[in-house]
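Descriptive analysis of the structure
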Protein chains: 2
Amino acid sequence: MRGTAIPTEANDRLPDASLRRKPTINDVAQIAGVSFGTVSRVLNNAPDVSASTRERVLQIIKDIGYRRNRAATALVTSRSTSIGILSDGSPRFGPVGTLMALENIARKKGYATTVISVEKPYEESVQAALDTLDDTGVGGIIVIAPLVDMAAAVWNASCRVPVEMIAAGASSTPNVFTYSENQELGARLATQHLIDLGHTDIAHFAGSMDWFDGRVRKRGWEAALSDAGLAPGLCIEGDWSPRWAYETGLQLVREGRIPQAIFAASDHTALGLIRAFAENGVRVPDDVSVVGFDDIEGSDYFLPPLTTVRQDFTALALMSTDVLIGAMEGRGVDRTPIAPTLVIRNSSTRATSHSSSPKDPRNGQNT
Amino acid sequence: MRGTAIPTEANDRLPDASLRRKPTINDVAQIAGVSFGTVSRVLNNAPDVSASTRERVLQIIKDIGYRRNRAATALVTSRSTSIGILSDGSPRFGPVGTLMALENIARKKGYATTVISVEKPYEESVQAALDTLDDTGVGGIIVIAPLVDMAAAVWNASCRVPVEMIAAGASSTPNVFTYSENQELGARLATQHLIDLGHTDIAHFAGSMDWFDGRVRKRGWEAALSDAGLAPGLCIEGDWSPRWAYETGLQLVREGRIPQAIFAASDHTALGLIRAFAENGVRVPDDVSVVGFDDIEGSDYFLPPLTTVRQDFTALALMSTDVLIGAMEGRGVDRTPIAPTLVIRNSSTRATSHSSSPKDPRNGQNT
DNA sequence: GAAGCTACCGTAAACGTTTACGCTCATATC
DNA sequence: GATATGAGCGTAAACGTTTACGGTAGCTTC
């Protein structure tokens, strides 16, 4: 008789009566023949309760399926066992990977996570999101802030609970501690790999400078080059998209200025780039070595399989939750940044003698 | 003096002392010169408060930055404005897309989301997760259950609050309502597209039958074929991975039994497949048409750009939150499944007369 | 055998709301 | 002018915990 196809009748096959009203600490106490205080003590495994009593109470708790009411606990202790995660809404590889890892680790440490995402303009949405999170009673907040704008909004916002930001290469402030994977190192690794292969003309298809990731990966590329005494190669800044990389790659082909090697700021960038080359008979890696960044699913099956940099999101989540929980408990925790690793596959190869003169593109014609 | 364009001085403007201790309903009442009851009434915009009083209280609330303590509210009302999301931990395209969309839509409807992910073995972890979610005070739960095993665990679990499951093609039970995108239709669309192109020998590189998505996409392929009066082509079941598709593709090439056209159960599957073909001079789409499923980022820049099926996660999220919130409020809500759309790109093309004899593979040699 | 200690346990108050109820005062009603 | 009515407001109790404190019984210690 209720609406359509909706199991409102669900409530007929009720979870048995015992589930209907949640048992409270008093129910447990009564059955155990002790006071609620004692039950509370075993719940928080505090001292001052005999082994036998503890045992009995525990058994009863299990039997009747008692579970602590978080709201009541939160109300009286005003500390909580949940942490908030603030993310930009983007389904991009890095942010999502971080998010999933964070949830996973937090849960294993006994914290629930409530996530909320924000949109432009950040100035308003970030403060509102922080407030909402605070309202729900989180004890601390981790912000996944790949975008510089978003980070700025976080710096300007105020919040009662500790806030930690995951933003590559950004600096900490008194209010918000910043942590991240060492992506600059990742970029250096990639570039150094190209240098080790004998390349001297190494370009960078950069990501967006609106992103920390874009900035810091570019910085790593520059640093590796300068450390090796190499002149900075061509650098073009884009927006991470395959489309942009494709079109820019096309342009390079047209103008005949294909470098020996390219460090692409992301695998998606590499993907577009490689297509532009493939369509014009420029062979990867024979004519140009390409390395990406991210190790997205499938990058090992690109044509050719892509040399790239892999970040360890689990380690990042482990560390950053440590830091946040430390802050929530008033302890300081120190952690060093995580180091990404280089994954060498087929898209990069040793520089050939002739290709060291980067002047002749299109040496192979349309496959 | 700090790094790059970063407003560190932001933190001098520290959260003022007033933020230190949260103001309560009593603070508001005292300032307004009314009792806390009156404040509560304006908070819940209940009747029985004069316009002028209401006005004044509202102003004070804004002035001192009062915000309701959710824990206290939850404790006394035992209803909440947050919904739980249960997901498998996988960072796969479908589940993540659904998750992000869900958070987004729920937030816009005024619900916070707390997400938790589960791992094998599901029988235990699902019930535990449901309980945890219940503990945190969610009013309802949406389960993203791509895996058949996981769904079974949900069916067997018990939960006080309404549970809705997103599982392609699975059926509802009295306890849990099931909703999904019409992936079978998506698969039909893909297969029909191949049929329209004149292909008669259409194979399916299926996903895992442990997944609803795998089952239902296969079913769509079968149905389209049978509706068209075509004999079912080759069907091989895999695990979604590029690696499996690559190796299986290699085997097909070796055995010389390459079909006219292939419907791959996912873009990643298509990716591996195409690489196996490309490495052996089998051209896509000239020698074999391939269509994928998912429209992952970058699939438009595969070699060649991939014809595929796109799901509308936002619409899915919209509908399924409607349904859940309806259930939470005791209303029934009816929604019809979302229809995916076909995205036609370059990996599929008209059947050529000669290729209608699928007997000669390797007609083009290594590019 | 009194004093003191310890181990164990009970009790009251508090956390910040909502809800049900009751009170007061002005106004309408006859 | 007594009575009913209702608008506006205050009050008490409850939600399920935790925490601080107090109490009792048994044991040690001299």
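Keep in mind the model is a prediction, meaning the values are calculated, not measured.

1. A look at the overall build of chain A
Across its full length, chain A carries 13 helices and eleven strands. The C-alpha atoms of chain A give 27 Å as radius of gyration, which overshoots the globular expectation for 367 residues (21 Å, by more than 25%). Oriented by its inertia axes, the alpha-carbon framework of chain A measures out at about 90 × 55 × 40 Å. Counting only residues that meet the buried cut, chain A has 50% of its 367 residues in that class.

2. Considering the domain arrangement of chain A
When its domains are assigned, chain A resolves into domain 1 (8-68), domain 2 (81-180 + 314-337) and domain 3 (183-307 + 344-356). Each of domain 1 of chain A and domain 3 of chain A has a C-alpha centre, and the two are 61 Å apart.

3. Looking at the protein's contact with DNA strand C
Looking at DNA strand C, there are 25 residues lining it, with Ser35, Gly37 and Val76 of chain A together with Ile25 and Asn69 of chain B nearest. Broken down by secondary-structure element, the contributors of at least two residues to the surface near DNA strand C are α3 (36-43) and α5 (70-77) of chain A together with α3 (36-43) and α5 (70-77) of chain B. Per-element tally for the surface near DNA strand C: the top contributor is α5 of chain B, with five residues. When its residues are assigned to classes, the surface near DNA strand C shows eleven nonpolar, twelve polar and two charged.

4. Re unusual backbone geometry
A cis amide bond links Lys120 of chain B to the next residue, Pro121 of chain B, at an omega of -10 degrees. Topologically, Pro121 of chain B is positioned in the loop between β2 (112-118) and α7 (122-135). Here the residue pair Leu303 of chain B and Pro304 of chain B is connected by a cis peptide bond, since its omega of -5 degrees sits within 30 degrees of zero. One can find Pro304 of chain B in the loop between β9 (289-291) and β10 (308-310). Positive phi, normally seen in glycine, also occurs at Asp294 of chain A, with a value near 135 degrees. The topology assignment puts Asp294 of chain A in the loop between β9 (289-291) and β10 (308-310). Residue classification places Asp294 of chain A among the buried positions, given that 26 C-beta atoms sit within 10 Å.

5. Observations concerning the relation of the copies chain B and chain A
Between chain B and chain A, which share one sequence, the superposing operator has a rotation angle of 179 degrees and an axial displacement of 0.2 Å; the RMSD is 0.7 Å. Taken together, these values place the two copies in the relation of a two-fold axis. Residue Thr114 of chain B of chain B places its C-alpha closer to the rotation axis than any other residue of that unit, at 2.0 Å. The fraction of interface residues of chain B whose copies in chain A are also interface residues reaches 84%, indicating that both copies meet through the same surface.

6. Details of the sheet that holds strand β6 (residues 202-206) of chain B
Residues and elements named next belong to chain B. Sheet architecture is open: four strands sit in the order β7-β6-β8-β9, paired in parallel fashion. In the strand order of this sheet, the two ends are held by β7 (235-237) and β9, each with one partner. Strand-to-strand twist of the sheet, defined as the mean angle between neighbouring strand axes without regard to direction, takes the value 15 degrees. With three bridges connecting them, β6 and β7 associate as parallel partners. From the neighbouring strand, Phe205 faces β7, where its bridge partner is Ile236. The sheet contacts of helix α10 (residues 212-227) involve β6, β7 and β8 (261-264), and relative to β6 the element is tilted by about 175 degrees.

7. Some points on the interface of chain B and chain A
Every contact between the two is made by 62 residues of chain B and, on the other side, 61 residues of chain A. Those elements that place two or more of their residues in the side of chain B that touches chain A are α5, α6 (93-108), β2, α7, α11 (242-255), α12 (267-278) and α13 (313-328) of chain B. A class-by-class count of the residues in the side of chain B that touches chain A yields 26 nonpolar, 23 polar and 13 charged. Here strand β2 (residues 112-118) of chain A pairs with β2 of chain B via three bridges, running antiparallel. By the bridge assignment for β2 of chain B, Thr113 of chain A is matched with Val115 of chain B.

Quick notes on the rules
- Residues numbered from 1 in each chain as written.
- Chains lettered and ligands numbered in written order.
- Predicted model: local features only at pLDDT ≥ 70, side-chain atom pairs only at ≥ 80, totals over all residues.
- Helix = DSSP H or I, 4+ residues; strand = E, 2+ residues; numbered from the N terminus.
- Rg over C-alpha atoms; globule rule 2.2 N^0.38 Å.
- Buried ≥ 20, exposed ≤ 12 C-beta atoms within 10 Å, placed from the backbone.
- Domains from an automatic or database assignment.
- Near = placed C-beta within 6 Å.
- Nonpolar A, V, L, I, M, F, W, Y, C, P; charged D, E, K, R; others polar.
- Least-squares fit on C-alpha atoms with pLDDT ≥ 70 in both.
- Contact = placed C-beta atoms within 7 Å.
- Pairing = 2+ DSSP bridges.
- Axes fitted to C-alpha atoms, helices over the stretch in contact; angles between N-to-C directions.

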